[in-house]
Amino acid sequence: MLENQKIRPAQVIGPLGEPLTIESLPPANTNRWVVRRKAEVVAAVAGGLLSVDEACQRYSLSLEEFTSWQRAVERSGMPGLRVTRIKHYRDVYERQQRY
């Protein structure tokens, strides 16, 4: 919805409750994606600070990679973005869906 609007917010609330601006987002040349940085990019898109296309282009992400981050945050919050535990959180989510 927000992607169709021409006016963008100057800041949005980040995953840790801090204000996020374009300048405070991770640098475009980020190679090491820790949980906090992934969550900040997802929050920026959710808040309308960036569009999905802009985020993917800025950070050289595929649409699939970015949407996997969004899904992980929706399902498990920030812990779902941990690469070392991704299978665990996926299994927990699938078990929850069965019941």
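The sections below set out a description of the structure shown in this document. (Residues numbered from 1 in each chain as written. Predicted model: local features only at pLDDT ≥ 70, side-chain atom pairs only at ≥ 80, totals over all residues. Heavy atoms only, no water.)

### Considerations on the overall build of the protein chain
Part 1 of the argument: Looking only at helices and strands, one finds four helices and two strands in the protein chain.
Part 2 of the argument: Secondary structure elements of the protein chain occur, N-terminal to C-terminal, as β-β-α-α-α-α.
Part 3 of the argument: Taking 99 residues into account, the globule formula puts the C-alpha radius of gyration at 13 Å, and the protein chain, at 14 Å, falls close to it.
Part 4 of the argument: Counting only C-alpha atoms and orienting by the principal axes, one finds that the protein chain spans roughly 40 × 30 × 25 Å. (Helix = DSSP H or I, 4+ residues; strand = E, 2+ residues; numbered from the N terminus. Rg over C-alpha atoms; globule rule 2.2 N^0.38 Å.)

### Overview of the environment of Ser51
Part 1 of the argument: Within the fold, Ser51 resides in the loop between helix H1 (35–46) and helix H2 (52–59).
Part 2 of the argument: Sequence separation between Ser51 and Val12 is 39 residues; the distance between their C-alpha atoms is 13 Å.

### Describing the side chain of Thr30
Part 1 of the argument: Tracing the chain through its elements places Thr30 in the loop between strand S2 (19–20) and H1.
Part 2 of the argument: Polar contacts involving the side chain of Thr30 include one to the main-chain carbonyl oxygen of Pro27, which spans 2.5 Å. (Polar contact = N/O pair within 3.5 Å; in protein donor to acceptor, adjacent residues only side chain to side chain.)

### Focus on H1
Part 1 of the argument: An ideal rise of 1.5 Å per residue puts 16 Å on twelve residues; H1 measures up with 16 Å between its terminal C-alpha atoms.
Part 2 of the argument: Here H1 has its buried residues at Lys38, Ala39, Glu40, Val41, Val42, Ala43, Ala44 and Val45.
Part 3 of the argument: In this fold, the buried residues of H1 make contact with strand S1 (12–13), S2, H2 and helix H3 (63–76).
Part 4 of the argument: The first or second residue beyond H1 is Gly48, which carries a positive phi of 90 degrees. (Expected span 1.5 Å × (residues − 1). Buried < 20%, exposed > 50% of the residue type's maximum accessible area, 1.4 Å probe, protein only. Contact = heavy atoms within 4.5 Å.)

### Remarks on the nonpolar core
Part 1 of the argument: Leu25, Val41, Leu50, Tyr59, Phe66 and Trp69 are the most contacted members of the largest nonpolar core, which has 21 residues in total.
Part 2 of the argument: When contributions to this core are tallied by element, the ones reaching two or more residues are H1, H2 and H3.
Part 3 of the argument: If one sorts the elements of this core by residue count, H1 sits on top with six residues.
Part 4 of the argument: In this view, Phe66 contacts Val41, Val42, Val45, Val52, Cys56 and Leu61; residues no more than four positions away in its chain are not counted. (Core = buried A, V, L, I, M, F, W, Y, C linked by side-chain atoms within 4.5 Å.)

### Things to note about the pattern of salt bridges
Between side chains of opposite charge, a pair can form when the charged atoms approach closely.
Part 1 of the argument: As enumerated under the stated definition, the model contains two salt bridges in all.
Part 2 of the argument: Between Arg8 and Glu54 there is a salt bridge whose closest N-O contact spans 2.5 Å. With Arg8 in the segment before S1 and Glu54 in helix H2, the pair connects residues that are 46 residues apart, well separated along the chain.
Part 3 of the argument: What makes Arg8 partly exposed here is its relative accessible area of 37%.
Part 4 of the argument: Here Arg36 and Glu40 are joined by a salt bridge, their closest N and O atoms 3.1 Å apart. Of the two residues, Arg36 and Glu40 both sit in helix H1, four residues apart, roughly one turn of that helix.
Part 5 of the argument: Accessibility expressed as a relative area gives 36% for Arg36, which makes it partly exposed. (Salt bridge = Lys/Arg side-chain N within 4 Å of Asp/Glu carboxyl O.)

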